[in-house]
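# Remarks on the overall topology
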Amino acid sequence: MKEFFRVNASKYDKNKNFTVTAPSSLDNPKSNTVMFVTEEHLQEWKALNKVKDCIVVWPKNRDIPEEIKDRHIFILHHEPRLGYAIFFRDNNITYNAKPQEYEVVNGAFIAKGAVIGCNTVIFPGAYIDSEVTIGENCYIASGVKLMGSVKVGNNCVIRENTVIGSDGLTTRRDGFGKVVTIPQFGGVTIEDNVQIGALTVIGKGAIDDTVIHSGCRVDNCCFISHNVQLGEDTLVVGETIMFGSSSTGEQAFISGNSTVRDGIHIGKNVMVGMGSVVVKPVPDGAVVKGNPAK
């Protein structure tokens, strides 16, 4: 597991002496990490039996099951997601990109460590970070920025001035109204035969990757936020916004200037009409339009 930071648990419990080095979640818990548990996911607490030596932000006034009490340190907070954000703030943890050593190849800036497949074309003015892997027969246009952990499959097209792997705006306000930022530690996975238009932004995942599955087409000027999952052969038309952890099934069609609320799933073979605002899950095969979409 990659080490992103080091915080000794004794800061929170003088009787404990372990170190946490990364974030994780109940969906995919790992030992020696920090995570939060919201009230709506309390029933999933048994996942914490699979790991040990974590710092867990837990809902205040909710009992901690006896069988996990001694495995971890628990920070009680009335809003666990905010408590999680405060953990990073109080420990001065960010995950901003750092300058990398690079080479200039045909006017493109390629950081040392990047892996570029055969017959891939990269135009002048592009920047490829050190953790980036690009497959074969890809087209990376001028001004494209691939930041952090980005994996691009074979036969992909990424057009001018698109940014992939940037941080999204994941924040909370503390009791004084001050904004507290939650750093994002994931990456972006783009599978084979994907095309992404110009001036589009695809945010990296909070912990796991944002994923654009094979055959997708994302138009110009779209925003695909952290943890989004686009199903195979999905079409996303220009100026659409998909907020964090939203997703589609296979062969969805999202028309231009649409907005999809965070956490909402759009089923396979769905058509979302132009300018729609999707605030509820959409079942497979449906056609929805309007604000709110229905």
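Presented here is a report on the structure given in the accompanying data block. (Residues numbered from 1 in each chain as written. Predicted model: local features only at pLDDT ≥ 70, side-chain atom pairs only at ≥ 80, totals over all residues. Heavy atoms only, no water.)

### Things to note about the overall build of the protein chain
- Broken down by element type, the protein chain carries 2 helices and 35 strands.
- Relative to the globule expectation of 19 Å for 294 residues, the C-alpha radius of gyration of the protein chain, 21 Å, shows essentially globular dimensions.
- Along the first, second and third principal axes, the C-alpha set of the protein chain runs to 55 × 50 × 35 Å.
- For the protein chain, the proportion of its 294 residues judged to be buried stands at 48%. (Helix = DSSP H or I, 4+ residues; strand = E, 2+ residues; numbered from the N terminus. Rg over C-alpha atoms; globule rule 2.2 N^0.38 Å. Buried < 20%, exposed > 50% of the residue type's maximum accessible area, 1.4 Å probe, protein only.)

### Regarding the sheet that holds strand β22 (residues 201-203)
- A sheet is described by the order of its strands in space; here 10 strands give the open sequence β7-β8-β11-β14-β17-β22-β25-β28-β31-β34, paired in mixed fashion. At either end of the open sheet lies a strand with only one pairing partner, and these are β7 (102-105) and β34 (277-278).
- The sheet contact formed by strand β25 (residues 223-224) and strand β28 (residues 241-242) spans 2 bridges and is parallel. Looking at β28, one finds that I224 is bridged to M242. (Pairing = 2+ DSSP bridges.)

### A word on a nonpolar patch on the surface
- Taken together, the side chains of Y102, V104 and F109 make up a nonpolar region of the molecular surface, amounting to roughly 280 Å² of accessible area.
- By secondary structure assignment, the location of F109 is in strand β8 (residues 108-111). (Patch = residues over 30% accessible without salt bridge, like charges linked within 9 Å, V, L, I, M, F, W, Y side chains within 5 Å. Areas by Shrake-Rupley, 256 points an atom, 1.4 Å probe, with all protein chains shown as cover. Salt bridge = Lys/Arg side-chain N within 4 Å of Asp/Glu carboxyl O.)

### Notes on helix α2 (residues 80-90)
- Among the 11 residues of α2, 8 are classified as buried, and the element is accordingly described as predominantly covered.
- Of the residues trailing α2, N92 is marked for its positive phi of about 55 degrees.

### Remarks on the layout of surface pockets
- Estimated volume of the largest pocket: approximately 1100 Å³.
- Forming the boundary of the largest pocket are 36 residues, of which F36, R81, H226, N227 and S245 lie nearest the centre.
- Those elements that provide at least two residues to the lining of the largest pocket are β4 (33-36), α2 and β18 (171-173).
- Looking at side-chain class alone, the lining of the largest pocket contains 12 nonpolar, 16 polar and 8 charged residues.
- Roughly 220 Å³ of internal volume is contained in the second largest pocket.
- Around the second largest pocket, the lining comprises 14 residues; the ones closest to its centre are N96, A97, K98, D129 and G148. (1 Å grid on protein atoms, 1.4 Å probe; cavity = no way out; pocket = protein on both sides within 12 Å on 5 of 7 lines; lining within 4 Å. Points joined across faces, edges and corners; volume = space filled by probe spheres on them. Nonpolar A, V, L, I, M, F, W, Y, C, P; charged D, E, K, R; others polar.)

### Topic: the pattern of salt bridges
- Counted according to the given criterion, the structure contains 10 salt bridges.
- Here E101 and K112 are joined by a salt bridge, their closest N and O atoms 3.3 Å apart. Pair noted here: E101 is in the loop between α2 and β7 and K112 is in the loop between β8 and β9 (115-116), with a separation of 11 residues, a long-range link.
- Accessibility expressed as a relative area gives 48% for K112, which makes it partly exposed.
- Residue D167 is joined to K204 by a salt bridge in which the shortest nitrogen-to-oxygen separation is 2.8 Å. With D167 in the loop between β17 (163-166) and β18 and K204 in the loop between β22 and β23 (210-212), the pair connects residues that are 37 residues apart, well separated along the chain.
- By relative accessible area, which is 36% here, D167 ends up partly exposed.
- Note on K204: relative accessible area 7%, which makes it buried.

### Structural notes on the environment of T181
- Within the fold, T181 resides in strand β19 (residues 179-181).
- Each C-alpha atom of the pair T181 and F253 lies 33 Å from the other, and the pair is 72 residues apart in sequence.

### Some words on the sheet that holds strand β24 (residues 217-218)
- With respect to topology, 9 strands assemble into an open sheet ordered β10-β13-β16-β21-β24-β27-β30-β33-β35, the strand pairing being parallel. Here the strands that pair on one side only, and so sit at the sheet edges, are β10 (121-122) and β35 (287-288).

### Let's talk about the environment of I207
- In this fold, I207 is placed in the loop between β22 and β23.
- Using a relative accessible area of 27% as the deciding quantity, one classes I207 as partly exposed.
- Taking C-alpha positions, I207 is 28 Å from A141, a pair spaced 66 residues apart along the chain.
- Dropping the residues within four chain positions of it, I207 is found in contact with P23, S24, S25, Y84, F185, G186 and N227. (Contact = heavy atoms within 4.5 Å.)

### Some remarks on the nonpolar core
- Residues I128, I134, L146, V152, I164, I190 and I266 are the most contacted members of the largest nonpolar core, which totals 44 residues.
- Taken together, the elements giving at least two residues each to this core come down to β8, β15 (150-152) and β20 (188-190).
- Sequence-distant contacts of I190, defined by excluding residues within four places in its chain, comprise K151, V152, G153, C156, I164, I196 and I212.
- Membership of the second largest hydrophobic core comes to 19 residues, among which are V7, V34, V57 and Y84. (Core = buried A, V, L, I, M, F, W, Y, C linked by side-chain atoms within 4.5 Å.)

### What to know about the packing of aromatic side chains
- One pass over the structure, following the stated rule, counts 14 aromatic pairs.
- With a centroid separation of 5.5 Å and 90 degrees between ring planes, the pair formed by W58 and F74 is classed as edge-to-face. Here F74 lies in strand β6 (residues 73-77) and W58 lies in strand β5 (residues 55-59), a separation of 16 residues in the sequence.
- A relative accessible area of 1% places W58 in the buried class.
- The class for F74 is buried, based on a relative accessible area of 17%.
- Chaining the aromatic ring pairs together yields one cluster made of F4, F5, Y12, F36, Y84, F87, F88, Y95 and F185. (Phe/Tyr/Trp six-rings, centres within 6.5 Å; stacked < 30°, edge-to-face > 60°.)

Read these as spatial facts, not as claims about activity.
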